[in-house]
Amino acid sequence: MHALLAVVLLVAGMPAAADGLALTPPMGWNSWNKFGCDVSEKLIKDTADALVATGMKDAGYQYLVIDDCWQVRRDAEGRIVPDPDRFPSGMKALADYVHGQGLKFGLYSDAGTGTCQKRPGSKDHEDVDARTYAAWGVDYLKYDWCNAEGQDTRDSYARMSRALRASGRPIVFSICEWGSTKPWLWAPGVGHLWRSTGDIQDCWDCGKDWGGLGVVKIIDLQADLHPFAGPGHWNDPDMLEVGNGGLSAAESRSHFSFWALLAAPLMAGNDLRGMSAETREILTNREVIAVDQDPLGMQGRKVRDDGDREVWMKPLADGAKAVILFNRGAAPASVGVAWEDVSLAPRTKVLVRDLWRKADAGSFTGRYEATVGPHDVVMVRITPQP
Ligand code: GAL
């Protein structure tokens with residue numbers, strides 16, 4: 001076999017983890033939750049500056065992704081054209097600016113004929129789009145599933161996956177078919193992350209007729225997905241709503257804690273220019289982020305369910321465990337974890353570190369219990385002592 005052909009075949013068939021991308025869940029910012037179609041070059045540059053100035057970049061947020069509505073048409077050669085009014089300098093110049101801030105740049109497209117907001121989709125343009133993105137310096141592609149009636153999901157995503165690999169540029173591939181064909185069963189090796197539910201809404205427990213889901217409804221849908229995540233292939237319960245106004249401080253802490261315990265991508269979705277200190281402190285809590293980014297890459301799971309009181313646990317690379325004591329109820333409640341819930345012998349002496357108080361709670365044997373406010377969590381890291 002010709003050597004070049006052999007290399008091409010090897011790269012095309014390579015599982016996603018083997019390309020070394022997204023070995024921990026991607027972190028960054030996406031325009032959709034707050035700005036919808038109101039995206040522009042100015043917003044993206046300001047957001048790049050804000051990622052740096054607020055300490056978000058230092059905390060690990062890296063990918064700056066423009067969601068739907070940046071594109072308007074195709075040119076005579078079939079190449080995608082950015083909105084000239086909103087992105088007057090073009091995408092290459094914008095990607096250069098983002099890279100100049102030490103960040104990575106991402107875009108959005110759709111596997112069908114049009115995006116969800118009726119901009120041109122990538123169907124039958126996968127190769128030219130992948131080449132265009134690579135030439136612009138794109139590092140991340142979110143790929144949606146509107147206007148794809150009659151298309152085979154796996155085949156459509158595999159096409160763009162191959163096109164991205166053939167482009168020669170390392171590009172994280174984010175699959176967004178809303179969990180409808182159980183992508184956790186087929187998407188490892190095709191993309192690096194896949195949405196596992198419909199669209200998140202900026203509310204605790206709401207649900208929309210069209211499939212939008214509040215934070216708690218999304219959490220419940222993740223409970224059985226832990227076997228399918230790992231380095232290079234992650235379940236994606238959608239982007240963060242922290243800082244968008246619809247959640248209380250306790251609910252925002254719970255939202256962020258769960259995304260970390262679930263090894264979810266942490267894509268902030270708020271306006272970073274002038275966010276409150278409270279929002280910034282949640283989004284940049286390094287001890288919680290370290291749980292998300294733990295190199296073992298295991299997704300956490302529910303280990304105890306006592307109605308409104310739940311315990312969730314994520315094993316960590318150093319032998320410690322991250323634990324969430326969760327109170328879904330409307331009044332404060334005492335929530336406890338017994339060592340047998342988290343596969344520790346009852347007599348094990350354990351150091352408990354509270355990740356929101358940022359303080360050690362002390363040494364405990366057998367169980368740890370705390371009072372948890374309504375819709376709130378106590379999140380701890382428990383480390384068995386020698
Ligand atoms: C939805 C997707 C959202 C957002 C939106 C843009 O399908 O789930 O995250 O990308 O399309 O139109």
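All of these numbers come straight from a predicted model, not from anything done at the bench.

Student: Explain the domain arrangement of the protein here, please?
Tutor: Many descriptions give the size of an interface as the accessible area lost when the pieces come together. Each assigned domain of the protein is listed here: domain 1 (2-292) and domain 2 (301-384). Taking only C-alpha atoms into account, the centre of domain 1 sits 31 Å from that of domain 2. Domain 1 puts 24 residues into the contact, and the matching count from domain 2 is 18 residues. When domain 1 packs against domain 2, the two sides together hide about 2100 Å² of surface, and 66% of this comes from carbon and sulfur. The three residues of domain 1 that bury the most area against domain 2 are Leu261, Glu287 and Val291, which together make up 31% of that side's buried surface. Taken together, the links from domain 1 to domain 2 amount to three salt bridges. Among the salt bridges present, the one from Arg328 reaches Asp220, with a minimum N-O distance of 2.9 Å. On the surface where domain 1 and domain 2 come into contact, there are nine residue pairs in polar contact (both at pLDDT 80 or more). Counting only elements with at least two residues in the side of domain 1 that touches domain 2, the list comes to helix H8 (215-222), helix H9 (249-261), helix H10 (277-283) and helix H11 (286-292). If you tally residues by element for the side of domain 1 that touches domain 2, the top one is H9, at nine residues.

Student: Looking at this structure, how should I read the sheet that holds strand E1 (residues 27-30)?
Tutor: Strand-to-strand pairing in sheets goes through backbone hydrogen bonds, with the strands running parallel or antiparallel. The eight strands are arranged E9-E8-E7-E6-E5-E2-E1-E10 in an open sheet whose pairing can be described as parallel. Sheet topology places strand E9 (234-236) and strand E10 (266-268) at the edges, where each strand pairs with a single neighbour. The average angle at which neighbouring strand axes cross in this sheet is 25°, direction not considered. The sheet contact formed by strand E7 (residues 172-175) and strand E8 (residues 193-195) spans two bridges and is parallel. Within the sheet, the bridge partner assigned to Ile175 lies in E8 and is Trp194. Helix-sheet contacts for helix H7 (residues 153-166) involve strand E6 (140-144) and E7, and the interaxial angle to E6 is about 160°.

Student: Just to check I follow, could you spell out unusual backbone geometry for this structure?
Tutor: Both trends apply: most residues other than glycine have a negative phi, and most peptide bonds are in trans. In this structure, Lys118 takes a positive phi of about 65° despite not being glycine. Tracing the backbone through its elements, the reader meets Lys118 in the loop between strand E5 (104-110) and helix H6 (126-136). Its identity is not glycine, yet Ser343 carries a phi of approximately 60°, on the positive side. Inspection of the secondary structure puts Ser343 in the loop between strand E14 (333-338) and strand E15 (349-354). Taking the relative accessible area as the measure of exposure, Ser343 reaches 57% and is therefore exposed.

Student: Before we go on, may I ask you to explain the packing of H8 against H9 in this structure?
Tutor: Their axes nearest at 11 Å, the elements H8 and H9 cross at an angle of 20°. In terms of axis orientation, H8 runs roughly parallel to H9. The two elements H8 and H9 meet at a crossing, and its hand is left-handed. Residue-level contacts link Val215, Ile218 and Ile219 of H8 to His255, Phe258 and Trp259 of H9. Split by residue class, the contact of H8 with H9 holds five nonpolar, one polar and no charged.

Student: Could you clarify how one ought to interpret the confidence of the model for the protein in this entry?
Tutor: Low pLDDT marks stretches whose predicted atomic positions should not be read closely. When pLDDT is averaged along the protein, the result is 95; 96% of the residues meet or exceed 70. Throughout residues 1-13 the model reports pLDDT below 50, and contacts reaching past four residues in sequence, or to other chains, amount to four contacts.

Student: What is the right way to read the pattern of salt bridges from this model?
Tutor: Once the charged atoms of two side chains with opposite charge are near each other, the side chains can pair. All chains considered together, the criterion is met by 27 salt bridges. Notably, a salt bridge pairs Arg304 with Asp306, separated by 3.4 Å at the nearest N-O pair. On the basis of relative accessible area, Arg304 is assigned to the partly exposed category, the value being 30%. A salt bridge links Arg367 to Glu369; the nearest nitrogen and oxygen atoms lie 2.7 Å apart. The exposure class assigned to Arg367 is partly exposed, which follows from its relative accessible area of 39%. One salt-bridge network, in which partners are shared between bridges, spans Asp220, Lys302, Asp305, Glu310 and Arg328.

Student: Looking at this structure, I do not really get the nonpolar core. What am I missing?
Tutor: Burial of nonpolar side chains together is a common tendency in soluble globular proteins. One finds Tyr61, Ile66, Trp70, Phe256 and Trp259 to be the most contacted residues of the largest nonpolar core, which totals 85 residues. Both domains that furnish three or more residues to this core are identified here as domain 1 (2-292) and domain 2 (301-384). Sequence-distant contacts of Trp70, that is, excluding residues within four places in its chain, are made with Val39, Ile80, Val81, Pro82, Asp83, Phe87, Met91, Leu107, Tyr108, Tyr133 and Trp136. Met313, Leu325, Val335 and Trp339 belong to the second-largest nonpolar core, a separate cluster that totals 17 residues.

Student: Even after reading the chapter, I still don't get the site of the ligand, so can you show me in this structure?
Tutor: Taken together, 13 residues are adjacent to the ligand, and Asp67, Asp68, Lys142, Asp144 and Asp199 come closest. In this structure, an oxygen atom belonging to the ligand sits 2.6 Å away from a side-chain N or O atom of Asp67. The separation between an oxygen atom of the ligand and a polar side-chain atom of Asp68 is 2.8 Å. For the ligand, the accessible surface in isolation is 310 Å², of which the surrounding protein chains cover 96%. Partitioning the shell around the ligand into residue classes produces six nonpolar, one polar and six charged.

Student: How should I be thinking about the sheet that holds strand E13 (residues 321-327) in this particular structure?
Tutor: Sheet architecture is open: six strands sit in the order E11-E12-E13-E18-E15-E16, paired in antiparallel fashion. Pairing within the sheet leaves two strands with one partner each, and these edge strands are strand E11 (301-306) and strand E16 (359-365). Neighbour-to-neighbour, the strand axes of this sheet turn through a mean angle of 25°, independent of strand direction. Across six bridges, the pairing between E15 and E16 is antiparallel. Bridge pairing in E16 places Arg353 opposite Asp360. Sitting on the sheet, H9 is in contact with E11, strand E12 (309-315), E13 and strand E18 (377-384), with an inclination near 35° to E18.

Rules used in this analysis
- Residues numbered from 1 in each chain as written.
- Predicted model: local features only at pLDDT ≥ 70, side-chain atom pairs only at ≥ 80, totals over all residues.
- Heavy atoms only, no water.
- Domains from an automatic or database assignment.
- Contact = heavy atoms within 4.5 Å.
- Buried area = accessible area lost by both parts, 1.4 Å probe.
- Salt bridge = Lys/Arg side-chain N within 4 Å of Asp/Glu carboxyl O.
- Polar contact = N/O pair within 3.5 Å; in protein donor to acceptor, adjacent residues only side chain to side chain.
- Helix = DSSP H or I, 4+ residues; strand = E, 2+ residues; numbered from the N terminus.
- Pairing = 2+ DSSP bridges.
- Axes fitted to C-alpha atoms, helices over the stretch in contact; angles between N-to-C directions.
- Buried < 20%, exposed > 50% of the residue type's maximum accessible area, 1.4 Å probe, protein only.
- Parallel < 35°, antiparallel > 145°, perpendicular 65-115°, else oblique.
- Left-handed = near helix turned anticlockwise from the far one by under 90°.
- Nonpolar A, V, L, I, M, F, W, Y, C, P; charged D, E, K, R; others polar.
- pLDDT = per-residue confidence, 0-100.
- Core = buried A, V, L, I, M, F, W, Y, C linked by side-chain atoms within 4.5 Å.
- Near = heavy atom within 4 Å.
- Areas by Shrake-Rupley, 256 points an atom, 1.4 Å probe, with all protein chains shown as cover.

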